[in-house]
Amino acid sequence: MTADFTFPELPLEPVRAGSSVLVTGPGRAASKLARRLSIELDPGQNEGAVLISTNTTGRSLAAEAAASYPDLDLSRIGVVDATGRADVESDTAARIEAVSGTGDLTGMSIDFSILSSALNEDGIDRLRLCVDSLSLLLLYTELRTVVRFTHTLGGRVRATDGFGVFVLDPTMHSPQVEYTLKSICDGAIEIRVADGGYEIRTEGLPGQHEGWQSVDITSA
Amino acid sequence: MERLRVLVADRDEPTRSETAAFVTEEFDADVQTAESVAAASELIETEPPTVLVTGYAFPDGNGLELVELARERNRGCGCILYTHSEAVDTTSFENVIVDFVPKEAPDAEQTLRALIEQTGIEQSQAAHPVPEREQQRLDATEAFAEQTQTEPFRRISRLAADHFGLDSAAIVTIHRDDVGVLTTVGPERTPRLREQSLGAHTLTADQQVVGVEDTRTDPRFADINAIHEAGIVSYLGGTIRDPEGLAVGVLSVYGTEPRTFDAEDRAYLGRLATLAGDLLDGGEQP
């Protein structure tokens, strides 16, 4: 049986392999948390990560990851640059693919598969996926298409015993949109500002702490 | 469970046969093959597959065209692009969404098998929410839809329509890709594709009863023409559960004007939906 995914630096208990979570919260906070969930790899499990980024170019994302995590082996990271700025000239070990723009969900699903396959070929056993963010995709395409996209990537995560993170800023959408996307994932993690810092709480993930927990997202 | 229908399309003969043989060996499925977009299109039109496994480049088109056609004919069709990592041009196909398996990957067949299972059986490419225990729910729904004693359910629909002063109510069944109507009173308004269905969202809600004040402004339904063409503006739906707790149907009332539904409205429809579920357990008839 595949080992659970762990988050030793976060107030989260292990999560079953094959699960996807919706991370909700205001703007940058949810993105930072999602990045921590996906980039802080478990050295004991030979992990890698693929990030689909709609707001930060692949090159910038790789540079930020290198700065935040000096020990991170960037060859374990793949980025699908969905900003539409095609910044794939790379001086990094991270693998970067670009799609034509934020509306190209087909390209994103294909490039995610290409990067996953390439990382697996490099000997990496399992992957974390991060899509940041669904909110931006919803500016370019209708909800049903985003539902299919999220389902498809979540299905891939399930089929390969990976871990998926999807980011949504609920302040940009109606509660019905948030609810619909939450119902596609196995659980949710909500982040909020509290007393000058941040707190998170989980929903639908078995074995987690009850209620709000303080969290440090400054390293991401 | 419905038998899987898998269409393998690839211009290359050995690849096509090998892939078809692999699928036949791994799944209890009807497998067909096609060597061109034209041949595959004909098969899709005749009998839409549950899963399409297709190459990308064909002499007469490309695999994304087939994905579009397959989804047009069967909205829930799982679509997998199974090809070498050649340049795939997604221009004009930005919203089709596919799984992609590079054929040269060492674990390509293993991934293909997992994705056929995910897309064909678990509906992992659906454009609508899917409830838990879906396969069991689908089997129970088939049984519910096939029953002949529909009069008590028609009476429940009538009670709902009369109570809310609306001309249209129905008990609908949500199947893998489409929607059935067990009983209806008044004009028939139910959209018949699951991804366009209000009931599909009702099934996955936390509450038994879901209300929509105005479908024209609700982001889940605003862009679904089938709902607007049917004249559905407001909606109240209550999930009907069988004795096992599986959501086998939805009692739905439709309004042609915007309308709010208060807690009492929801409680009443919930009671009727529960009553419909109790009938499946041999309960009293209304």
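None of these values were measured; they are calculated from a predicted model.

Rules behind the numbers
- Residues numbered from 1 in each chain as written.
- Chains lettered and ligands numbered in written order.
- Predicted model: local features only at pLDDT ≥ 70, side-chain atom pairs only at ≥ 80, totals over all residues.
- Heavy atoms only, no water.
- Axes fitted to C-alpha atoms, helices over the stretch in contact; angles between N-to-C directions.
- Helix = DSSP H or I, 4+ residues; strand = E, 2+ residues; numbered from the N terminus.
- Parallel < 35°, antiparallel > 145°, perpendicular 65-115°, else oblique.
- Left-handed = near helix turned anticlockwise from the far one by under 90°.
- Contact = heavy atoms within 4.5 Å.
- Phe/Tyr/Trp six-rings, centres within 6.5 Å; stacked < 30°, edge-to-face > 60°.
- Buried < 20%, exposed > 50% of the residue type's maximum accessible area, 1.4 Å probe, protein only.
- Lys NZ or Arg CZ within 6 Å of the ring centre and 35° of its normal.
- Pairing = 2+ DSSP bridges.
- Disulfide = S-S within 2.5 Å.
- Buried area = accessible area lost by both parts, 1.4 Å probe.
- Salt bridge = Lys/Arg side-chain N within 4 Å of Asp/Glu carboxyl O.
- Polar contact = N/O pair within 3.5 Å; in protein donor to acceptor, adjacent residues only side chain to side chain.
- Nonpolar A, V, L, I, M, F, W, Y, C, P; charged D, E, K, R; others polar.

Chemist: Explain the packing of helix α1 (residues 13–26) of chain B against helix α4 (residues 108–121) of chain B here, please?
Modeler: When two helices pack together, their arrangement is given by the angle between their axes and by how far apart the axes lie. Residue and element names in this part refer to chain B. Running from N to C, α1 and α4 point in directions that differ by 55 degrees, and their axes come no closer than 11 Å. Put simply, α1 runs oblique to α4. Where α1 crosses over α4, the two elements pack in a sense that is right-handed. Across the interface between the two elements, T19, F22, V23 and E26 of α1 pack against E109, L112, R113 and I116 of α4.

Chemist: What exactly am I supposed to notice about the packing of aromatic side chains here?
Modeler: The geometry of an aromatic ring pair is captured by two quantities: the separation of the ring centres and the angle between the planes. In the structure shown here, the tally under the stated rule is 6 aromatic pairs over all chains. With 6.2 Å between their ring centres and 70 degrees between their planes, F164 of chain B and Y268 of chain B make a pair best called edge-to-face. Taken together, the residues span a long stretch of sequence, with F164 of chain B in helix α6 (residues 151–164) and Y268 of chain B in helix α9 (residues 263–279) at a distance of 104 residues. Note on F164 of chain B: relative accessible area 4%, which makes it buried. Taking the relative accessible area as the measure of exposure, Y268 of chain B reaches 18% and is therefore buried. Through a chain of ring-to-ring contacts, the aromatic side chains of F5, F7 and F163 of chain A assemble into a single cluster. Residue placement shows R126 of chain A over the ring face of F5 of chain A; its charged tip is 3.7 Å from the ring centre. Sitting over the ring of W212 of chain A, R192 of chain A keeps its end group 3.8 Å from the ring centre.

Chemist: In this structure, what is going on with the sheet that holds strand β6 (residues 78–83) of chain B? I would like to understand it.
Modeler: Note: strands within a sheet are paired through backbone hydrogen bonds, in either parallel or antiparallel orientation. All names here are of chain B. In spatial order, the strands read β2-β1-β3-β6-β7; together these 5 strands make up an open sheet with parallel pairing. Among the strands making up the open sheet, the edge pair consists of β2 (29–34) and β7 (99–102). Ignoring which end each strand starts from, the neighbouring axes of this sheet average 20 degrees apart. Two elements, β6 and β7, share 4 bridges in a ladder whose sense is parallel. The residue of β7 that forms the bridge with T83 is P102. Against the sheet, α4 contacts β1 (4–9), β3 (51–54), β6 and β7, and its axis sits at roughly 165 degrees relative to β6.

Chemist: Would you mind going over the state of the cysteines with me for this structure?
Modeler: Disulfides are covalent bonds that link the sulfur atoms of two cysteine residues. Applying the stated rule across the entire model yields 0 disulfides over all chains. C130 of chain A forms no disulfide, and the closest cysteine sulfur to it belongs to C185 of chain A, at a distance of 12 Å. Unpaired in terms of disulfides, C77 of chain B finds its nearest cysteine sulfur in C79 of chain B, a separation of 4.0 Å.

Chemist: Any chance you could explain the interface of chain B and chain A here in plain terms?
Modeler: A common measure of how large an interface is: the accessible area buried when the components associate. Taken together, the contact pairs 43 residues of chain B with 33 residues of chain A. Looking only at chain B, the three residues that lose the most surface to chain A are E94, I97 and F100 of chain B, adding up to 19% of its buried area. Applying the counting criterion to the chain B and chain A interface returns 4 salt bridges. R148 of chain A is the salt-bridge partner of E195 of chain B, the closest N and O atoms lying 3.4 Å from each other. Across the contact surface, chain B and chain A share 20 residue pairs in polar contact (both at pLDDT 80 or more). Within the residue set of the side of chain B that touches chain A, elements represented by two or more residues are α3 (63–73), β7 and α4 of chain B. Split into classes, the residues belonging to the side of chain B that touches chain A amount to 21 nonpolar, 12 polar and 10 charged.

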